[in-house]
There are 2 protein chains.
Amino acid sequence: MTNARIDGKRLWQSLMDMAEIGATAKGGVCRIALSEEDRQARDLFRSWCEAAGYKLRVDVFGNMFARRPGRDPGLPAVLVGSHLDSQPTGGKFDGAYGVLAGLEVLRSLDDMGLDTLRPVEVVNWTNEEGAIFKPMIGSEVFTGAMPLNSAYAMPDPQGRTLEEDLRAIGYLGATDLRPDALHCYFEAHIEQGPVLEREGETIGVVTAGAGIRWYTLTLTGVESHAGPTPMDVRRDALVGAAHVVLAVREIGLGHGEQGRGTVGCLAPYPASPNVIPGRVEMTVDFRHASEEALSAMDEALRRVVAEIAARHGLAADLNQTVHSPLIPFHPDVVGLIRDAAKHLGYSHRDIVSGAGHDACNIAKAIPTAMMFIPCENGISHNEAENISPEDSAAGGNVLLQAVLRAANDPEPLKMPA
Amino acid sequence: MTNARIDGKRLWQSLMDMAEIGATAKGGVCRIALSEEDRQARDLFRSWCEAAGYKLRVDVFGNMFARRPGRDPGLPAVLVGSHLDSQPTGGKFDGAYGVLAGLEVLRSLDDMGLDTLRPVEVVNWTNEEGAIFKPMIGSEVFTGAMPLNSAYAMPDPQGRTLEEDLRAIGYLGATDLRPDALHCYFEAHIEQGPVLEREGETIGVVTAGAGIRWYTLTLTGVESHAGPTPMDVRRDALVGAAHVVLAVREIGLGHGEQGRGTVGCLAPYPASPNVIPGRVEMTVDFRHASEEALSAMDEALRRVVAEIAARHGLAADLNQTVHSPLIPFHPDVVGLIRDAAKHLGYSHRDIVSGAGHDACNIAKAIPTAMMFIPCENGISHNEAENISPEDSAAGGNVLLQAVLRAANDPEPLKMPA
């Protein structure tokens, strides 16, 4: 461990400068992937990297890599970063914080005249938010989990392909995907939840990305007239759906701190004030840090849906649409984050990421860890999203310490079997 | 009482002939008000009336009146009827039964050579269903409750006015609204609910149209990410809405055989599978045969919404949008229906109409009663709608007996104060 520190003011100023691109009236940003605003944000990042002398490469999917050389150019690099695109009514910090904290680490190393054994690179992944295309494609294509040509062919709302959009903003690069081996990947991010703030912790040491299971459920009863149909003969699909909404909440509550159960979509048909709904279509989202718990939640849902359907005379069609297993981050890389927070005297706790991040894709190919800083009231994907300059600087310092340890370690990290 | 009977086979044949107009593949009809199919149905009704020698008048709102003279042409007529328009995927009997049972009464009087003191008229009201315009306008304009010019000005989906649509199908008539005083109005209709069938009764003696109260409710919580947001800090508007759906059902169940509580529309926002709904908009429909009960249901809803909102950290905006008081039918006219069923030996019970009918509008101006016959499985507003030829004939016989009594009574009926 060293007493190296980042320049918290410069990091904050970079965040504020970046937030001017796509700035909205309510204090947020609109930088939809592959839009003109995305281009401007990429250009600004590029100009900062080039001004500092970091060689910038853009790969064939538009992912941007800025490299600070190491003493041994043959060793795999340490990668840090996140994304610069945003939701249509997004905040200043979601994604941008991870990219600019990474850039600040490189700048601080320059200021302090510190070199590293391994190269250190900062990445801006293409299209994390999925405001137009599906989310986190840049990192998925990078690891080979999604074929490049499938991603290229995705249509935007104007009917152009993603490849055409990349070319139009000048970021269809020439560098191959994964041109070099990488040692490990760090992603710093705002929490997007209220846990750190509520518990007064500065640093979240992210041990895993939660397992996610999605379901669609269609309940079918009998559509009938709200006036002549007595209560006791009704087969009201919306009454059944209401029981399911409450059961999903109970299932989430019944599985400890990490349990999440959410109904986000629910539509009754025919949706007329005086017609008893004959059909409801709804979604269920379960998350947990344990696959065992997720299996128990799955079983509970199937049981409760069958009970509710039988009790209210409904047919139930329950389908699992997403089964995304728990993604454990690499224990050694997670340990570097935890050690750095400890060394710097920041209060910290282990935490599981409920949301998906590029790090969840990258973790399948490269030793990876994430770090959270608190965000105000847990609000994100919202123009009101906010963080404090102190937490921003603290996160940058943790990232610096962790990167230094990783970049000066000559030993390779092993992926778990 | 007499031993007069209608010709049940002829009535059934008329129903089947009428059902060919706008017939759908699934055995229903599509005769949207003021459509080409509505014109054809009106033309067929007109041709039958003219063939039988009943003078047909069309009023300035397209309501059609076919008159069989009485011995005293100066006495106010007895009116019977309903409507020939249908829902887009409607059944063969909703509305058409009341018009054609009325026509069958006149035809049977001819067959039997029976004359009546008062004239008897059959009416086909314009636009009962409200598939395009709001429901039951023809009877509302007829009584003066809705100004003619407001109704004329209503736009259809093509941007033409209702007046233009009436002219286009050739049914913008010349007869004034309410040209003559009327003695009373009878409307025969399918029940559109399961009560008569379930209890094995042939005739429903309709004593009133239920009071109706409609509400809109907006619940506002905090929209947040389904992953990072722990269950215990959520302010999930859909969880609150689910409690309201179940409470509305309990309120309906808690107010006896006549109580109805229905949530027909419910929409969460932003309606994404991984976003906790920050807002829900929904409707509530309460019906009852007692204004006292409706007031208690209203109070219960306000209390339960406030409790649920407080418990889940939601803001609640509850607004009453419809307050349609109980419409008692005229006891003497109701008595004629009940006496006729008794005289003919048909099993019967008093019943309240949960649905709205033209009779509910007419009852405010003229002594009125309704009669229900059973419909299969209580299904209506549906191509599967069905009745039995036996019940059809029974209803026609009750209508004939009641009309004969009313049309031979020289005394005027008094509207209650």
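Criteria and cut-off values
- Sequence order sets the numbering: in each chain, residues are counted from 1 along the sequence as written.
- Numbering of ligands from 1 and lettering of chains from A proceed in the order in which they are written.
- The predicted nature of this model means local features are confined to residues of pLDDT at least 70 and side-chain atom pairs, given and counted, to a pLDDT of 80 or more, with totals for whole chains, interfaces and linings taken over all residues.
- Only DSSP runs of H or I reaching four residues or more are called helices, and only runs of E reaching two or more are called strands; each is numbered from the N terminus.
- Here exposure depends only on C-beta density: within 10 Å of a residue's C-beta, 20 or more other C-beta atoms make it buried, 12 or fewer make it exposed, and intermediate numbers make it partly exposed, the C-beta atoms being placed from the backbone.
- A pair of residues counts as a contact when their C-beta atoms, built from backbone coordinates, are within 7 Å of each other.
- One bridge is not enough; two strands pair if DSSP finds at least two bridges between them.
- Least-squares superposition aligns the copies on the C-alpha atoms of those residues with pLDDT at or above 70 in both.

(A) Structural view of the environment of Arg235 of chain A. All names here are of chain A. Structurally, Arg235 can be placed in the loop between strand S8 (224–225) and helix H8 (237–253). Looking at Arg235, the number of C-beta atoms within 10 Å reads 20, which means it is buried. A C-alpha to C-alpha distance of 8.4 Å links Arg235 and Thr220, two positions 15 residues apart in sequence. For Arg235, the contacting residues outside a window of four places in its chain are Gly221, Val222, His312, Gly313 and Leu314.

(B) Quick peek at the pairing of strand S5 (residues 182–190) of chain B. Residues and elements named next belong to chain B. Among the nine residues that make up S5, nine are buried, leaving the element largely enclosed by the rest of the structure. Judged from the four bridges that link them, strand S3 (residues 77–82) and S5 form a sheet pairing that is parallel. Directly across from Ala77, in S5, lies its bridge partner Leu182. Both S5 and strand S16 (residues 368–373) contribute to a ladder of six bridges, which runs parallel. In the strand pairing of S16, His189 is matched with Phe372.

(C) Unusual backbone geometry, seen in detail. Following Tyr269 of chain A, the chain continues to Pro270 of chain A via a peptide bond in cis, the omega torsion being 5°. Relative to the helices and strands, Pro270 of chain A is located in the loop between strand S10 (266–269) and strand S11 (275–276). In the Ramachandran plot, Gln192 of chain B falls in the positive-phi region, its phi being about 65° despite a non-glycine side chain. Mapped onto the elements, Gln192 of chain B comes out in the loop between S5 and helix H7 (195–199).

(D) Inspection of the interface of chain B and chain A at higher detail. Contacts between the two partners involve 49 residues from chain B and, on the opposite side, 48 residues from chain A. Among the elements of the structure, strand S8 (224–225), helix H8 (237–253), strand S9 (260–262), strand S10 (266–269), strand S11 (275–276) and strand S12 (279–288) of chain B are those that each provide at least two residues to the side of chain B that touches chain A. Of all the elements, H8 of chain B adds the most residues to the side of chain B that touches chain A, at eight residues.

(E) Structural view of the relation of the copies chain B and chain A. You can overlay chain B on chain A at an RMSD of 0.1 Å; the transform is a turn of 180° with a shift of 0.1 Å along its axis. Such a turn and shift between the copies fits a two-fold axis. By C-alpha distance to the rotation axis, the residue of chain B lying nearest is Ala242 of chain B, at 2.2 Å. The overlap is high: 98% of the interface residues of chain B also sit at the interface in chain A, so the same surface is used on both sides.

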